[in-house]
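Examination of the molecular architecture
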Amino acid sequence: MNRKIGIVILHGLGRQKEDYAASFVALLQEKYWKASGRKSSDLVIEPVYWADIFEEREQQLYERLVIANKLRYRELRRFVIHYLADAVAYQPVDSKEQNYEAVHRTISEALNRLSQRAGTTAPLYVIAHSLGAVIASNYFYDLQRTARRDAVMIDRDSALERGETLTRFLSLGTTLPLWSLRYRDFNQPIVVPSPLLHRHHPGIQGGWINYYDKDDILAYPLRDIDPMYARAVKKDVQVSVGNWLTSWNPFCHSGYYKSKPLAEAIARMMVDTWKSMS
């Protein structure tokens, strides 16, 4: 049987390169092979690159405000603009061509490619870092609960694209708790695994696992947000990421996709999923 697991990866805040996930993909494939003895071709991986949607305008803002006015601390200001502007720009607004929809379109396109490569009913893993976890959560919330469902789907014949095969949601260093402040009641998390997963793979177990480093000031546990999140998130797992220069300070925020122990833990979950596929 040609069993495949579909995986989408999302990056977080800040300036990103299009190949941001290359080393993590290689690491994940290596750990999967070591844990299973099987070929890494079992894993079909689609990184989602959404940073370019904001990059040009953020750079223009930097040049017009910082460079043109000869403001001090240029590199620090560049860092702040690219980090804060991503979060601000992503906010939904009342217009047809909004950034919120444009970012979500990149996920739709990735899921479409994934469906073609892994199969329309392949179990789906979502691995998302920082703001990327907020974006992914919003995307699947729209699929599961709101009228935006039709706007985000491309191929309605694909269970994977409809979110029906969502198996694991793995949030890494997420800022999602900060977004809870936008709502008076932040008590409707996404459902992981999808309530419809059993139709396609009755033997598979899944869930939402949140990883955070205590030294990462942008990362937080999720289960304490609300009783509904305590039910939705299977585990908050404390990890240590980063190297000897960053693992003990807030700069560890960029270390999740470089963590060998984290990649190994995820790979072992994928081995279990592959073995349970019907």
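Reference entry: report on the structure contained in this document. If you're wondering where the values come from, they're calculated on a predicted model, not measured in any experiment.

Considering all chains together, one arrives at six aromatic pairs under this definition. Relative to Tyr100, the ring of Tyr90 lies with its centre 5.2 Å away and its plane at 25 degrees, an arrangement referred to as stacked. A residue pair is termed long-range when its members are at least 10 positions apart, and Tyr90 in the loop between helix H3 (74-89) and helix H4 (99-118) and Tyr100 in helix H4 qualify at ten residues. Grouping residues by exposure puts Tyr90 and Tyr100 together as buried. What links up through ring pairs into an aromatic cluster is the set Phe169, Trp208 and Tyr229. Over the aromatic face of Trp274 sits the side chain of Arg3, whose NZ or CZ is 3.7 Å from the ring centroid. Between Arg78 and the ring centre of Tyr62, over which it is positioned, the NZ or CZ distance is 4.2 Å.

It is worth spelling out the sheet that holds strand S3 (residues 124-129) at this point. Judged by pairing direction, the sheet is parallel, and its six strands sit side by side in the order S2-S1-S3-S4-S5-S6 without closing on themselves. The strands lining the two open edges of the sheet, one partner per strand, are strand S2 (43-48) and strand S6 (233-238). Looking at each pair of strands side by side, their axes are set apart by 15 degrees on average, direction ignored. Bridge analysis of S3 against strand S4 (residues 166-172) gives six bridges, and the strand direction is parallel. Along S4, the bridge assignment pairs Tyr125 with Arg168.

In terms of burial, S2 is a largely internal element, five of the six residues being buried. Here strand S1 (residues 5-10) pairs with S2 via six bridges, running parallel. When the sheet's bridge partners are listed, Gly6 is paired in S2 with Val44. Each parallel crossover has a hand, and the one from S1 via helix H1 (residues 22-36) to S2 is right-handed.

So, about the side chain of Ser130. Along the chain, Ser130 falls in the loop between S3 and helix H5 (131-145). If near-sequence neighbours (up to four positions away) are discounted, Ser130 is found in contact with Gly12, Leu13, Leu172, Gly173, Thr174, Thr175 and His253.

One side chain can pair with another of opposite charge once the charged atoms of both are near each other. Throughout the structure, instances matching the rule amount to seven salt bridges. Two residues, Glu46 and Arg117, come together in a salt bridge whose shortest N-O distance is 2.9 Å. Linking Glu46 in strand S2 with Arg117 in helix H4, this pair joins segments that are 71 residues apart in sequence. You can call Arg117 partly exposed: its relative accessible area is 48%. Linked by salt bridges that have partners in common, Glu46, Arg113 and Arg117 make up one network.

Cut-offs and rules
Residues numbered from 1 in each chain as written. Predicted model: local features only at pLDDT ≥ 70, side-chain atom pairs only at ≥ 80, totals over all residues. Heavy atoms only, no water. Phe/Tyr/Trp six-rings, centres within 6.5 Å; stacked < 30°, edge-to-face > 60°. Helix = DSSP H or I, 4+ residues; strand = E, 2+ residues; numbered from the N terminus. Buried < 20%, exposed > 50% of the residue type's maximum accessible area, 1.4 Å probe, protein only. Lys NZ or Arg CZ within 6 Å of the ring centre and 35° of its normal. Pairing = 2+ DSSP bridges. Axes fitted to C-alpha atoms, helices over the stretch in contact; angles between N-to-C directions. Right-handed = clockwise from strand over helix to strand, strands pointing away. Contact = heavy atoms within 4.5 Å. Salt bridge = Lys/Arg side-chain N within 4 Å of Asp/Glu carboxyl O.

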